[in-house]
Amino acid sequence: MNHWKRSFVITLAILFFIIPIMTFSQASRDRPMIVGSSTVYPLAEKVGRQFSENSGMPAPELKSTGTGGGMKLFCEGTGPQTPDIVNASRPIKSSEVELCAQNGVNEIIDVTVGYDAIVVVRAAGATQPLNLTRKELFLAFAKDVPDPQGGTQLVPNPYQNWTDINPDLPSHEIKGWGPDKTHGTHDLIMSNIMSAGCQQLEVMQTLEQANPADYRTACQSFRQDGAYTEHQEYQKILEAVKSDPEAVGIVGYLFLVNDPGLQASEIDGVMPNAGSIAHKIYPLTRPLRFYLKKAHIDVVPGLREFVAEFTSERAWGASRGYLVELGMIPMPRKERRQAKVNFEELKPL
């Protein structure tokens, strides 16, 4: 290869790497773009307002898409048309990491901000308490359950009232509401309620050994006869619960804290509250987090500053953090410090 050709190839190689960076820089937004979890949304909104007041920079553009929907947008690639952050009420899945990598999103920073929980709520006016186990929740909402007459066969769910499952429960009709697959809470309902409750049944343990595929299907299939309804909008779920004293809804703890029209149910003998969640005694405790594109951090104006605000003691601190007012349970100080270090050092997954 002669000198001219070699110079030409080198120039093309340089342009190949530089042009995308220049394009991103020249067309960059004037504010961060955030998508994802409806549960984390009010926290991010509060941080965004505070960040804007402190810095004079525009508050982030924030869209509540659900964790699953947000992950799809986040993993579309890098550049000004793609989100910088996805809020998440569950961990990122390996399939989502692979999708991101296929589209050039290779360095993702995981920032855990605090604790929340899944709660089973009823209307505040409901008089008789509904204290449940995860096994009872599975039997109430599963499509197929062990035959109540005995044996090893599964039958279409015959339970119509809570007393059909446990005579100590209220004689109310079973009416459940929960988020659909676009929400991270749905995935945790499947793993932490349905699968966990299913596993406690001897018949299901036998099925797991004999046919793992059928076991997984049975443990993670909701009934379709109207006793359990999945909805994309949390507002519809909350409206349904508050308008019917017999209905129950499965939502995030933050919704309970911020809505006086709701009351919580005990799960496995533990009531969800700040203490039981902070000490991880309540069985449905979960971390809240967001994922950040390292490639965007020093390109999008205000992105680094927004995350710095979110990970500041004035935001997530245990004693004076303003996110605690919204119902978020703060992490222990050691965990907060480590999460802040992970961000400041931009440690990828």
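Residues numbered from 1 in each chain as written. Predicted model: local features only at pLDDT ≥ 70, side-chain atom pairs only at ≥ 80, totals over all residues. Heavy atoms only, no water.

### Details of helix α3 (residues 67-74)
Point 1. Looking only at α3, the buried set comprises Thr 67, Gly 68, Gly 70, Met 71 and Phe 74. An end-on view of α3 places all buried positions within 160° of arc, on one side of the element.
Point 2. At its buried positions, α3 is contacted by β1 (33-36), β3 (85-88), α4 (94-102), β4 (108-123), α7 (184-199) and β11 (285-293). (Buried < 20%, exposed > 50% of the residue type's maximum accessible area, 1.4 Å probe, protein only. Helix = DSSP H or I, 4+ residues; strand = E, 2+ residues; numbered from the N terminus. Arc of directions from axis to C-beta. Contact = heavy atoms within 4.5 Å.)

### A few points about the packing of helix α8 (residues 202-210) against helix α9 (residues 212-219)
Point 1. Across the interface, α8 lies against α9 with an axial gap of 6 Å and an inter-helix angle of 140°. Our classification of the angle between α8 and α9 gives oblique. Contacts between α8 and α9 involve Met 204, Leu 207, Glu 208 and Ala 210 from the former and Pro 212, Asp 214, Tyr 215, Ala 218 and Cys 219 from the latter. (Axes fitted to C-alpha atoms, helices over the stretch in contact; angles between N-to-C directions. Parallel < 35°, antiparallel > 145°, perpendicular 65-115°, else oblique.)

### Digging into the state of the cysteines
Point 1. Inspection of every chain in the model, using the stated rule, returns 2 disulfides.
Point 2. One disulfide in the model links Cys 75 with Cys 100; its S-S distance is 2.0 Å. The chirality of the disulfide connecting Cys 75 with Cys 100 is left-handed, given an S-S dihedral of about -70°. Remark: Cys 100 occurs in helix α4 and Cys 75 occurs in the loop between α3 and β3; sequence separation between them is 25 residues.
Point 3. With a relative accessible area of 0%, Cys 100 lands in the buried category.
Point 4. Covalent S-S linkage joins Cys 198 and Cys 219, the inter-sulfur distance amounting to 1.9 Å. Note on the Cys 198 and Cys 219 pair: the S-S dihedral is about -55°, so by sign convention the disulfide is left-handed. Here Cys 198, found in helix α7, pairs with Cys 219, found in helix α9; they are 21 residues apart in sequence, far enough to count as distant. (Disulfide = S-S within 2.5 Å.)

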